[in-house]
Amino acid sequence: MAEHGLLVLFGSQTGTAQDTAERVGREAQRRHLRCRVQALDSCDLANLIHEPLVVFVCATTGQGDPPDNMKMFWRFLFRKNLPASSLCQMDYAVLGLGDSSYPKFNFVAKKLHKRLLQLGGNPLLPVALGDDQHDLGPDAAIDPWLVALWDKILALYPLPPGLEIISPDVCLPPKYTLHYLPEDSAHPESDLLQPAAPQAAPCELHPFAARVVSNQRVTAQSHFQDVRLIEFDIAGSGITFSAGDVVMIQPQNCPEDVQQFCQLLRLEPHRRFVLEPTEPGTSLPPLLPQPCTIQYLVTHYLDISCVPRRSFFELLAYFSTNELEQEKLQEFSSAQGQEELYSYCTRPRRTALEALWDFPHSTCAIPADYLLDLIPRIRPRAFSIASSMLALPERMQILVAVVQYKTRLNKPRRGLCSTWLASLNPEQGDVRVPLWVKKGGMKFPADPATPVIMIGPGTGVAPFRAAIQERVALGCRGNCLFFGCRHQSKDFYCQTEWEELVTKGFLTLFTAFSRDQEEKVYVQHRIRENGKLVWELLSNGNAHVYLAG
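None of these values were measured; they are calculated from a predicted model. (Residues numbered from 1 in each chain as written. Predicted model: local features only at pLDDT ≥ 70, side-chain atom pairs only at ≥ 80, totals over all residues. Heavy atoms only, no water.)

## Considering the domain arrangement of the protein chain
According to the domain assignment, the protein chain contains domain 1 (6-156), domain 2 (259-374) and domain 3 (452-547). The C-alpha-based centres of domain 2 and domain 3 are spaced at 46 Å. (Domains from an automatic or database assignment.)

Now the structure itself:
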């Protein structure tokens, strides 16, 4: 045990499972246990059989699906040829994060627990079922489960004599130390996002810096929703994609927010630094250049506009020099304060930057070393690709609805990625966006004779535009599209394109404009009205049906 320690593996889609896994890691540190925290897909599966103690923290996404960063592990684990005694040396525990309003509540955690048992693993505890729907959130299940887990683990691996559990009043060391370089040290002035010639297809760790060719608003100026059709130049990237695939985009914070953050924390944007891991064996954050400027770190890496989690307030409380602020921060990080935290942060979607404004004494005392512990990294966003390489070689288009909504806070909430994309103006020079492509969940029929029924209201029509362009280029005529929006004159995306294809006989189009008449009309009404045709295509034509929202 001494040489291996505890391994905490997570499968996380939105960051909650990762945040929880890191909490388990911190609690292990307080118990003097060597601990590694990793995404399931970055762990060495061949060595898993030698691990004596593993905690799995997994979210369930969609209709009972595993998160993206555990899909390879999932496929490996369910291979038929794995011997039933593979994991007989492993003590394990599974912590699930789910939402009981979905039918397959915590499906991944339950199925994982069962499979580890089949492979000879020894469960320390029943599976924990964290539930987003609970008044206190998933912590209602996690808190007591962790108490029981540490009792079990310390019974198996007692603390060495003379060592005590590190008190929760003591702040643990940061993951990295940040060493500023002398102001006058030489540094090459390079734009850190070069459109480099890719070694292989671009991926999350090596995105392609695609040039923005055009950024066109496709809704009427009078319409409440700003929707953009954005085109990228991907020539020379090695990127290939087909209809149904998804482009991942790495967004950045807006200059005003970056400036505010640096002012609040008294950081000098142009100072350069290098990071050094506190624990030997901790790898450096893969997407940060070394050396790096504070400006780059805050613009491209720290998610200062995310809604902060409980762990944010817990860490901030350690630095607070103000009694009132510290009391409030400790309340937000306690089990009893979760309802209060929900109404302060989660419900109104308050950002980390706004929360820091509310705790000025604590904020200006944050040591720079703790920045990467306090604020998570900006996660990439996924968009359906809205064009086909057969119609537009070396180009890629996406349809983006700019996210903006009101909560009880004065300032409207804005989506980080969509707001940034909408702000890019290719007429102001060379504007680039880091991106890469992932296979999508939609596969269109290989046989061109198979008819396709596509139901795509609003921006849900994006993947179908790619599919229709692809199928028309291959000469397929059996394309039936149900499209819905509010007003024919305001948000009927790609209208002229669809009408041309209808004229040429490549497309059958049904539209539902919900607000253009007294009675609201939606795509489901049009499907019902055309039930005869739909049934004909299904029963005789063997049509495939696709739905995107």
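Having seen the structure, we can now continue with the description.
## Things to note about the sheet that holds strand 11 (residues 272-277)
Taken together, the three strands give an open sheet; going across it, the order is 7-11-12, and neighbouring strands pair in antiparallel fashion. Only two strands of the sheet have a single partner each, and these edge strands are strand 7 (176-180) and strand 12 (292-293). Two strands pair when backbone bridges link them, and strand 7 and strand 11 are joined in this way by five bridges, in the antiparallel orientation. In the strand pairing of strand 11, Y180 is matched with F273. (Pairing = 2+ DSSP bridges. Helix = DSSP H or I, 4+ residues; strand = E, 2+ residues; numbered from the N terminus.)

## Focus: the pattern of salt bridges
Enumeration over the complete set of coordinates arrives at 24 salt bridges. The closest approach of N and O atoms between R23 and D143, which form a salt bridge, is 2.8 Å. Within this pair, whereas R23 is found in helix 1 (residues 16-30), its partner D143 is found in helix 4 (residues 139-156), the two being separated by 120 residues in sequence. E231 serves as the salt-bridge partner of R395, at 2.8 Å between the closest nitrogen and oxygen. With R395 in strand 14 (residues 395-401) and E231 in strand 9 (residues 227-233), this pair connects stretches of sequence that are 164 residues apart. Owing to a relative accessible area of 12%, E231 belongs among the buried residues under this scheme. (Salt bridge = Lys/Arg side-chain N within 4 Å of Asp/Glu carboxyl O. Buried < 20%, exposed > 50% of the residue type's maximum accessible area, 1.4 Å probe, protein only.)

## Looking at unusual backbone geometry
Only a minority of non-glycine residues have a phi that is not negative, and only a minority of peptide bonds are not trans. For the bond running from Q290 to P291, omega is -10 degrees, close enough to zero to count as cis. Here P291 lies in the loop between strand 11 and strand 12. A positive phi angle, close to 65 degrees, is found at E394, a residue other than glycine. Within the secondary structure, E394 sits in the loop between strand 13 (381-384) and strand 14.

## A closer look at the side chain of S388
Mapped onto the elements of the fold, S388 is located in the loop between strand 13 and strand 14. Residue class for S388 comes out buried when judged on its relative accessible area of 1%. Within the structure, the side chain of S388 is placed 3.0 Å from the backbone nitrogen of L390, a separation counted as a polar contact. Contacts of S388, omitting those with residues within four sequence positions, involve F241, A466, Q469 and E470. (Polar contact = N/O pair within 3.5 Å; in protein donor to acceptor, adjacent residues only side chain to side chain. Contact = heavy atoms within 4.5 Å.)

## Quick look at the environment of V461
Relative to the assigned elements, V461 resides in the loop between strand 18 (452-455) and helix 14 (462-473). In this structure V461 comes out as buried when scored by relative accessible area, which is 1%. Once you skip the residues sitting within four places of it in the chain, V461 turns out to touch L399, G456, L481, F483, Y493 and W498.

## Topic: the sheet that holds strand 21 (residues 544-547)
Strand order in the open sheet formed by four strands is 20-19-18-21, and the pairing between neighbours is parallel. This sheet does not close on itself; its edge strands, each paired only once, are strand 20 (507-513) and strand 21. With strand direction ignored, the average angle separating the axes of adjacent strands in the sheet is 10 degrees. Pairing of strand 18 with strand 21 involves four bridges; the strand directions are parallel. Paired with M454 across the bridge in strand 21 is Y546. Sitting on the sheet, helix 14 is in contact with strand 18, strand 19 (479-485), strand 20 and strand 21, with an inclination near 155 degrees to strand 18. The strands touched by helix 17 (residues 531-539) within the sheet are strand 18, strand 19, strand 20 and strand 21, with strand 18 carrying the most contacts at an inclination of about 135 degrees. (Axes fitted to C-alpha atoms, helices over the stretch in contact; angles between N-to-C directions.)

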